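Reading the structure
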Amino acid sequence: MQIDIIAGTRPNLVKVAPLISAINRNSREDLLHYRFVYTGQHYDKKLSTCFFHDLNIPEPDINLDVGSGSHAVQTAQIMIGYEAALSKSKPDLSIVVGDVNSTLACALAARKCNVEVAHIEAGIRSGDLSMPEETNRIATDSISNWFYTTGEIANRNLIKSGTNSNQIVTVGNIMIDSLIGKIDEFVQPDCWAPLGLTDRSFFLLTLHRPENVDSPKTLHRLLSAIDKNVDGKPVLFPVHPRTRPILNALDLNLNNIQLFEPFRYLEFMHLVSQSCAVITDSGGLSEETTFLKTPCITLRSSTERPETVDLGTNILVGNDTSELAIHLKHAANGNWKQSKVPPLWDGNTAQRIVEHLTEHCTISTKLDRSA
């Protein structure tokens, strides 16, 4: 069976790395063969290269190198590039991950070329259609053939939308595979010693969502509230490329927040694991904090990963600075809710996917070819 494994952003790389490793390690009777397709949706090539290195990902077989652009432009360019690749050689299955533009674009191109699609992280929903990722999730799931899910909440979302339960495979959280596989390789960033950082002595901040960073007034208000309520602890803020120009235009007087270029994966995860809390508007980061038992304050009013709130360390505060201040003080004082790791977040998700591909998808492919 020939498979295309598709990634476009750094979070995608974290998700495909264990799958590639599992196929290389465990493909029974040489039944699975893959072609790694990288769309290049993230435009920081230097940082993306570091992720390839940190996660032991091979060079892509196909690099579409689309770079930045509006949602429509980026999606269209990825579809054009992937369609061209499919016209030369079609796999039996295209595997897409997550919810970025590359996910939807490649799923659409594959299905239009009569290639089946498997979606890893299928079924997650925030209920917030103002998020481009939510549109990507719904649209990708509407045309996929196989649905690899993190757990029962995602399964219920898919069943509710009319998905056949026989197409749903509960495999767990593949991001946690990468975390577990690399946890012994986490490394202190260069700023650790100069800043005199110690375990649980600092906060880590990430912001990139339009509702938080596109309005200078909103961004100023959030950063000011964070700076004033961290009990004098340093706040490390690796600035996302889309946040940088808005931030540069602000007249900020910050005492505790310190700005950095984005960190490598192994450096960043070391900071996540050792911070007293992570402040973020990311969805995926709340999964990693949950596994690492690190308090997480999410500057959103909804999440597509409710397990991180119901079971994990995550608390949603929206952009309510009063709520934010309360939870910042709790985190600074080491006062946080009890949590536990959700089921199947055990480092074996990629292996379960490979076993399903080997035992089920290859059989259906052989039957199709003999028909």
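About the criteria used
- Residues numbered from 1 in each chain as written.
- Predicted model: local features only at pLDDT ≥ 70, side-chain atom pairs only at ≥ 80, totals over all residues.
- Heavy atoms only, no water.
- Helix = DSSP H or I, 4+ residues; strand = E, 2+ residues; numbered from the N terminus.
- Rg over C-alpha atoms; globule rule 2.2 N^0.38 Å.
- Buried < 20%, exposed > 50% of the residue type's maximum accessible area, 1.4 Å probe, protein only.
- Contact = heavy atoms within 4.5 Å.
- Lys, Arg positive; Asp, Glu negative; His and termini not counted.
- Charge placed at Lys NZ, Arg CZ, Asp CG, Glu CD.
- 1 Å grid on protein atoms, 1.4 Å probe; cavity = no way out; pocket = protein on both sides within 12 Å on 5 of 7 lines; lining within 4 Å.
- Points joined across faces, edges and corners; volume = space filled by probe spheres on them.
- Pairing = 2+ DSSP bridges.
- Axes fitted to C-alpha atoms, helices over the stretch in contact; angles between N-to-C directions.
- Parallel < 35°, antiparallel > 145°, perpendicular 65-115°, else oblique.
- Nonpolar A, V, L, I, M, F, W, Y, C, P; charged D, E, K, R; others polar.
- pLDDT = per-residue confidence, 0-100.
- Salt bridge = Lys/Arg side-chain N within 4 Å of Asp/Glu carboxyl O.

For the rest of this paragraph, the subject is the overall build of the protein chain. Helices and strands together make up the secondary structure of the protein chain, namely 15 helices and 13 strands. Compactness check: the protein chain gives a C-alpha radius of gyration of 21 Å against a globular reference of 21 Å for 371 residues, within 12% of the reference. Summarising its shape, the C-alpha atoms of the protein chain cover approximately 70 × 40 × 40 Å along the three principal directions. Residue burial in the protein chain is summarised as follows: out of 371 residues, 58% are buried. Considering only contacts within the protein chain whose residues lie at least 6 apart along the sequence, 68% involve residues at least 24 apart. Looking at charge distribution, the protein chain has the averaged site of its 34 positive side-chain charges lying 2 Å from that of its 42 negative ones.

Turning our eyes to something else, we now look at the layout of surface pockets. To find the voids left in a structure, one rolls a probe of water-molecule size over its atoms. If you add up the space inside the second largest pocket, you get close to 290 Å³. Taken together, 18 residues line the second largest pocket, and the ones lying closest to its centre are Ala17, Pro18, Ser21, Arg25 and Asp177. Mapped by element, the contributors of at least two residues to the lining of the second largest pocket are α1 (10–26), α7 (174–182) and α15 (349–370). If you tally residues by element for the lining of the second largest pocket, the top one is α1, at seven residues.

With that settled, consider the pairing of strand β11 (residues 277–280). Here β11 shows two buried faces, one formed by Ala277 and Ile279 and the other by Val278 and Thr280. Relative to β11, strand β8 (residues 203–206) runs parallel, the two being bridged by four bridges. Within β11, the position partnered with phenylalanine 203 by the bridge is alanine 277. In terms of strand pairing, β11 meets strand β12 (residues 296–298) through three bridges, oriented parallel. Counted as the bridge partner of valine 278 is cysteine 296 from β12.

With that settled, consider the packing of α1 against α7. Axes are the key here: two packed helices are described by the angle between their axes and the distance separating the axes. Close contact between α1 and α7 brings their axes to 8 Å; oriented N to C, the two are set at 75 degrees. Relative to α7, the element α1 is oriented roughly perpendicular. Contact residues: α1 offers Val14, Lys15, Ala17, Pro18 and Leu19, while α7 offers Ile174, Met175, Asp177 and Ser178. Residue composition of the contact of α1 with α7, grouped by class: six nonpolar, one polar and two charged.

To continue, consider the environment of leucine 13. Relative to the helices and strands, leucine 13 resides in helix α1. The class of leucine 13 is buried, set by a relative accessible area of 0%. Each C-alpha atom of the pair leucine 13 and arginine 209 lies 20 Å from the other, and the pair is 196 residues apart in sequence. Setting aside residues up to four positions removed in sequence, leucine 13 forms contacts with Ala7, Phe36, Tyr38, Ser48, Phe51, Phe52, Leu55 and Ile57.

Okay, the confidence of the model for the protein chain next. Detailed reading of predicted coordinates is not advised where the pLDDT is low. Residue-level pLDDT values for the protein chain average 93, and 95% of them are 70 or greater. When the criterion is pLDDT under 50, residues 365–371 qualifies, and its contacts beyond four places in sequence or with other chains add up to four contacts.

Right, let's talk about the sheet that holds strand β7 (residues 168–170) for a bit. Within a beta sheet, neighbouring strands are joined by backbone hydrogen bonds and run either parallel or antiparallel to one another. With parallel pairing, the seven strands of this open sheet are ordered in space as β3-β2-β1-β4-β5-β6-β7. The open sheet is flanked by β3 (62–63) and β7, the only strands paired with a single partner. With five bridges joining them, strand β4 (residues 93–97) and strand β5 (residues 116–120) adopt parallel strand pairing. Opposite isoleucine 95, over in β5, you have alanine 118 as the bridge partner.

Counted according to the given criterion, the structure contains 16 salt bridges. Here arginine 125 makes a salt bridge to aspartate 141, at a shortest N to O gap of 3.0 Å. Residue arginine 125 is located in the loop between β5 and α5 (132–143), and its partner aspartate 141 is located in helix α5; the two are separated by 16 residues in the primary sequence. For the pair arginine 125 and aspartate 141, one class covers both residues: buried. A salt bridge links glutamate 134 to arginine 137; its shortest N-O distance comes to 2.4 Å. One end of the pair is glutamate 134 and the other is arginine 137, both in helix α5 and three residues apart, which spans about a single turn. Just as glutamate 134 is buried, arginine 137 falls in that class too. Shared partners join several salt bridges into a network, and the residues in it are Lys15, Asp99, Glu121, Glu134, Arg137, Glu287, Arg300, Glu304 and Arg305.

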